[in-house]
Amino acid sequence: MSLWDELILPAGTLDQLRRDASAERPTHAWLFTGAAGAPHRRAALIFAAALLCEQPNPADRGCGTCKGCVTVLNGSHSDFTHFRTEAVSISIDDARDLVMKAQDRPSVGRWRVILMEDTERMPERTSNVLLKAIEEPPPHTIWLLTAPSPTDVLVTIRSRCRPVQLPVPAIADVAAKLAADGIEDALARHAATLAQGDAEVAARLAHDPAALQRRETLPLLIMNIRSISSAYAAADRLITLAEQDAAEAAAARDEKERTELLAILGITEGARISPSLRSQVRRLEDEQKRRAKRIQSDTLLRSMTEIQTVLRDVLTLQLNSGSALMNEHARDALTEFAARTSAAQTLEHVQALEVVLGRLRTNANARLLIEGFMGRFVH
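Residues numbered from 1 in each chain as written. Predicted model: local features only at pLDDT ≥ 70, side-chain atom pairs only at ≥ 80, totals over all residues. Heavy atoms only, no water.

The name an unreviewed UniProt entry assigns to the chain is DNA polymerase III subunit delta, from the organism Rothia dentocariosa.

Right, dumping it as structure tokens:
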């Protein structure tokens, strides 16, 4: 099983990526885009691993087991730079650092690969710094950019990149993949539905009963609000559950990556790490710390997004549209809640939630935003 097997992509897109990863001279710049739940970030990372895969047969690249693949995935490959930001915008200094790295020749791999996420956060002046490097890159450098949509990236940047626009996988496709991996059909469908087509989240829900229970209960918190104090309690509960979910997700991945890296370096668990290898382990630990912060903010944002599924279900019941409920497991509670409010009020809640989500993406104070939103349900 290769890394490509975990991706749910249109067949033509998957074939295109595999061909270019094994080509003698791949396209020098790519733009991976997709809405929330689409695998564009994961696809870009797997493509980077395939570009630096050590398999001699080009058709086998992206194996997931060689040193090149493993170190790209855990962020410790010397020829791979994975840039993500927690800031509202990407600074000129950040862009200049990446441009400088792009000039370095690869030390162990065929290419120097730079994966830059959040390119929608680049103001025009930062994009202009990056533009020259993408326009005339060194022959050994490949740029991989990610963003929610091509229109989120300055036209001068996206016009010089090969586009890879990925859809959110269909719930049926995600459920089928989980079932093929040994998950019971009903659980696979339930997890895929709750994950809204996000294959990575669906897999974790299907394999982790505690995470599944949190997802089932967390967005329903709004239905138990009766007073200001219960609104604050609901906000605190949501934040606590999101942080717990993020911590567990990060811990599981961190341990796996550390074990794989130590095995590749020939170090047994608990043994002393020599100074010559310590830098690779430290680089992995630094990357994991940065990623933990990102996972926490992304998980909180996703938790608020999941409330949208509840409001969507409530509106479905209020309008008697007959559409399937995304939270079918809570039909009775949703029906009771829908009877207490009107469709107009639900639409107002949806609009208010959109505002909250937009502000959360700009690193505003999450607790204040969520407490304010929960206060809307006091009655």
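Having put the structure on the table, let's press on.
Chemist: So, the overall build of the chain: which residues are in play, and what are the values?
Modeler: Regarding its fold elements, the chain presents 15 helices and 5 strands. For a compact globule of 379 residues, the expected C-alpha radius of gyration is about 21 Å, and the chain comes in at 22 Å, within 12% of that figure. On the principal axes, the C-alpha backbone points of the chain span a range of 65 × 45 × 45 Å. Looking at the chain as a whole, 48% of its 379 residues are labelled buried. Sequence-distant contacts in the chain: of pairs separated by 6 or more residues, those separated by 24 or more amount to 73%. When the accessible surface of the chain is totalled, it reaches about 17,600 Å², and 52% of it is carbon and sulfur. If the 46 positive side-chain charges of the chain are averaged to one point and the 49 negative ones to another, these points end up 4 Å apart. (Helix = DSSP H or I, 4+ residues; strand = E, 2+ residues; numbered from the N terminus. Rg over C-alpha atoms; globule rule 2.2 N^0.38 Å. Buried < 20%, exposed > 50% of the residue type's maximum accessible area, 1.4 Å probe, protein only. Contact = heavy atoms within 4.5 Å. Areas by Shrake-Rupley, 256 points an atom, 1.4 Å probe, with all protein chains shown as cover. Lys, Arg positive; Asp, Glu negative; His and termini not counted. Charge placed at Lys NZ, Arg CZ, Asp CG, Glu CD.)

Chemist: Quick rundown of the environment of alanine 29? Include the residues and the values.
Modeler: With respect to the helices, strands and loops of the structure, alanine 29 is situated in strand S1 (residues 29-33). Along the backbone, alanine 29 and isoleucine 134 are 105 residues apart, and their C-alpha atoms lie at a distance of 6.7 Å. Leave out the neighbours within four places in its chain, and alanine 29 touches Ile134, Trp143, Arg160, Cys161 and Arg162.

Chemist: Can you lay out helix H2 (residues 40-51) for me, pointing to particular residues and giving the numbers?
Modeler: End to end, H2 covers 16 Å across 12 residues, agreeing with the expected 16 Å (1.5 Å per residue, within 8%). Of all 12 residues in H2, 10 are buried, a share of seventy percent or more. Within the span of H2, buried status applies to His40, Ala43, Ala44, Leu45, Ile46, Phe47, Ala48, Ala49, Ala50 and Leu51. (Expected span 1.5 Å × (residues − 1).)

Chemist: Describe the state of the cysteines, listing the residues and the values that go with them.
Modeler: Counted according to the given criterion, the structure contains 0 disulfides. Considering cysteine sulfurs only, cysteine 63 is the nearest to cysteine 53, which forms no disulfide, with 3.7 Å between them. (Disulfide = S-S within 2.5 Å.)

Chemist: Please give an account of the pattern of salt bridges that cites residues and values.
Modeler: Using the criterion set out here, one finds 15 salt bridges in the structure. Of the charged contacts in the structure, one is a salt bridge between aspartate 20 and arginine 162, with a shortest N-O distance of 2.8 Å. Of this pair, aspartate 20 sits in helix H1 (residues 11-21) while arginine 162 sits in strand S5 (residues 162-165), and the two are 142 residues apart along the sequence. Among the residues examined, arginine 162 registers a relative accessible area of 28% and is labelled partly exposed. For the salt bridge of aspartate 93 with arginine 96, the shortest nitrogen-to-oxygen distance reads 4.0 Å. Within this pair, aspartate 93 and its partner arginine 96 are both found in helix H4 (residues 92-102), separated by 3 residues, close to a single helical turn. Connected through shared salt-bridge partners, Arg41, Glu117, Asp118 and Asp298 make up one network. (Salt bridge = Lys/Arg side-chain N within 4 Å of Asp/Glu carboxyl O.)

Chemist: Give a description of the packing of aromatic side chains that names residues and reports values.
Modeler: This structure, assessed with the given rule, holds 5 aromatic pairs. Ring centres of tryptophan 30 and phenylalanine 32 lie 6.2 Å apart, and the angle between their planes is 25°; on these two criteria the pair is classed as stacked. For the pair formed by tryptophan 30 and phenylalanine 32, the shared burial category is buried. (Phe/Tyr/Trp six-rings, centres within 6.5 Å; stacked < 30°, edge-to-face > 60°.)

Chemist: Pulling in residues and values, what's your account of the domain arrangement of the chain?
Modeler: Under the domain assignment used here, the chain contains domain 1 (3-165), domain 2 (171-207) and domain 3 (223-377). The straight-line distance from the C-alpha centre of domain 1 to that of domain 3 is 26 Å. The interface of domain 1 with domain 3 comprises 20 residues on the first partner and 17 residues on the second. Across the interface of domain 1 and domain 3, roughly 1,500 Å² is buried in total on both sides, 45% from carbon and sulfur atoms. Summed over the three residues of domain 1 that lose the most area to domain 3, namely Asn74, Arg84 and Glu86, the buried surface amounts to 40% of that side. At the junction of domain 1 with domain 3, the criterion picks out 1 salt bridge. Salt-bridge contacts for arginine 41 lead to aspartate 298; the nearest nitrogen and oxygen are separated by 3.6 Å. Counting across the domain 1 and domain 3 interface gives 0 residue pairs in polar contact (both at pLDDT 80 or more). (Domains from an automatic or database assignment. Buried area = accessible area lost by both parts, 1.4 Å probe. Polar contact = N/O pair within 3.5 Å; in protein donor to acceptor, adjacent residues only side chain to side chain.)

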